[in-house]
Amino acid sequence: MRPPSTSRSVSLPEIIEVEYYRRAAAATVGRTVSLVHAPDSWFIKGGADAAALGLALDGCTVVGVRRIGKLLMMDFGDPDEQASAVLGLRFGMTGRLVVDDHAVIEKLEYSSAREVPEWRRFELGFADGGTLVIVDPRRLGGVELDPDDTRLGPDAFALTADQLAGALENSRTALKARLLDQRRVAGLGNLLVDEILWRIGLDPAREAGSLSRAEQGRLAEAIRSTVAELADRGGSHTGDLHLARVRGGSCPRDGELLDRRTIGGRTTYSCPQHQR
């Protein structure tokens, strides 16, 4: 999987972008924290504060970096022992990860190209002089000690048909809304769900529980293959539908005027001709 060019504008962090962040954060494994800077109390979630973060992380070594859905987790402790603390990083719509002054994603569509010091919401400094920073203009992300990742559904990169069936079973919720529910499937966002359902020909407003077993299997495969393909292309914004997701846009497959609706609280584009 190749990360996007740093000059490219990306819409917002979905599972693919957070995977890019995980790969960048992996450069910190084996490094010892010498500074914990958390100036924005709003950005610290889960009832902790800056003092608690410093106490838990200062002097510890990064022993692992992992991800489930859009949640990035860093494990801290002694390299020879089990991790003593886990830091969860969430990026919302405008959060970017900068490691050793290198931003994997230079600009997000709903963010800003400006560099404002106050937007550096959280920073780890390392004994070797490197840093890991979250830059978030709109403060929609956050950091949390020992986040509860058991509340998340299976990761979309490796979603199985059985896991998807469990997420959709007996649900009268709109299919798109169910796929956006991180408790059901972890990592999918607005762009990816529209792209996946457009590719497979399913109406995003259809009841999630109405899919047959065969449709569930095809959808699980489409989720895995679309996420993998767009990850290789450079991001969630590189789908075949993406450029047509505008008022008056036409379906790239059959030329039909796209429907524009709000489903699951998100602006949704779909083709009335082939999505059923």
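Before reading on, note that the structure itself is shown above.
Please read all numbers here as calculations on a predicted model, not as lab measurements.

Participant: Can you help me understand the pairing of strand β4 (residues 61–68) in this one?
Facilitator: The side chains of a regular strand alternate, first on one face of the sheet and then on the other. Counted residue by residue, β4 has six buried out of eight residues, so it is predominantly covered. Pairing between β4 and strand β5 (residues 71–77): seven bridges, direction antiparallel. Within β5, the residue paired with T61 across the bridge is G77. Between the antiparallel neighbours β4 and β5 lie two residues, among them G69 with a positive phi of about 55°.

Participant: Just to check I follow, could you spell out the pattern of salt bridges for this structure?
Facilitator: Oppositely charged side chains can pair when the atoms bearing their charge come close. Tallied over the entire structure, the rule returns 25 salt bridges. We note a salt bridge from E221 to R224, for which the minimum N-O separation is 2.6 Å. With E221 and R224 both in helix α6 (residues 213–233) and three residues apart, the pair spans about one turn of that helix. E221 sits in the partly exposed class, given a relative accessible area of 40%.

Participant: Sorry, what's going on with the sheet that holds strand β7 (residues 96–99) here?
Facilitator: In any sheet, the strands associate via hydrogen bonds between backbone groups, in a parallel or an antiparallel arrangement. Overall, antiparallel pairing links the five strands, which are arranged β2-β10-β11-β7-β8 in an open sheet. Strands at the two margins of the open sheet, each flanked by one partner only, are β2 (33–37) and β8 (102–103). Across the sheet, helix α1 (residues 15–25) touches β7 and β11 (131–135), and the angle it forms with β7 is around 15°. Relative to the sheet, helix α2 (residues 50–57) contacts β2 and β10 (120–126), its axis offset from that of β2 by approximately 170°.

Participant: Please explain α2 as it appears in this structure.
Facilitator: Since the α-helix advances by 3.6 residues per turn, residues separated by three or four positions end up pointing in the same direction. Structurally, the start of α2 carries an N-cap: the backbone nitrogen of A51 is 3.2 Å from a side-chain oxygen of D49. Following α2 by one or two positions, G59 has its phi on the positive side, about 85°.

Participant: Sorry if this is basic, but what is going on with the packing of helix α3 (residues 161–168) against α6 here?
Facilitator: The angle between the axes and the distance between the axes are what describe a pair of packed helices. One way to put it is that α3 packs onto α6 with a least axis distance of 9 Å and a crossing angle of 115°. Relative to α6, the element α3 lies roughly perpendicular. Along this stretch, α3 crosses α6, giving a crossing that reads as right-handed. Where α3 abuts α6, its residues A161, D162, L164, A165 and L168 lie against R213, Q216, G217, L219, A220 and I223.

Participant: Mind showing me how you'd approach the side chain of R67 here?
Facilitator: Looking at where R67 falls in the secondary structure, it is placed in strand β4. Classification of R67 by relative accessible area gives buried; the value is 16%. Side chain to side chain, R67 and E19 meet in a polar contact 2.9 Å long. Within the structure, R67 has its side chain in polar contact with the backbone oxygen of G69 (distance 3.0 Å). If sequence neighbours within four positions are ignored, R67 has contacts with I15, V18, E19, R22, D155 and F157.

Participant: Is there a simple way to explain the sheet that holds β4 in this structure?
Facilitator: Pairing is mixed across the open sheet formed by five strands, whose spatial order is β3-β12-β6-β5-β4. Of all the strands in the sheet, the pair left with one neighbour each is β3 (44–45) and β4. Two strands pair when backbone bridges link them, and β5 and strand β6 (residues 85–90) are joined in this way by five bridges, in the antiparallel orientation. When the sheet's bridge partners are listed, D75 is paired in β6 with V86. The strands that α1 touches are β4 and β5; relative to β4, the one it contacts most, it runs at about 165°. Helix-sheet contacts for α2 involve β3, β5, β6 and β12 (142–145), and the interaxial angle to β12 is about 60°.

Rules used throughout
Residues numbered from 1 in each chain as written. Predicted model: local features only at pLDDT ≥ 70, side-chain atom pairs only at ≥ 80, totals over all residues. Heavy atoms only, no water. Buried < 20%, exposed > 50% of the residue type's maximum accessible area, 1.4 Å probe, protein only. Helix = DSSP H or I, 4+ residues; strand = E, 2+ residues; numbered from the N terminus. Pairing = 2+ DSSP bridges. Salt bridge = Lys/Arg side-chain N within 4 Å of Asp/Glu carboxyl O. Contact = heavy atoms within 4.5 Å. Axes fitted to C-alpha atoms, helices over the stretch in contact; angles between N-to-C directions. Polar contact = N/O pair within 3.5 Å; in protein donor to acceptor, adjacent residues only side chain to side chain. Parallel < 35°, antiparallel > 145°, perpendicular 65-115°, else oblique. Left-handed = near helix turned anticlockwise from the far one by under 90°.

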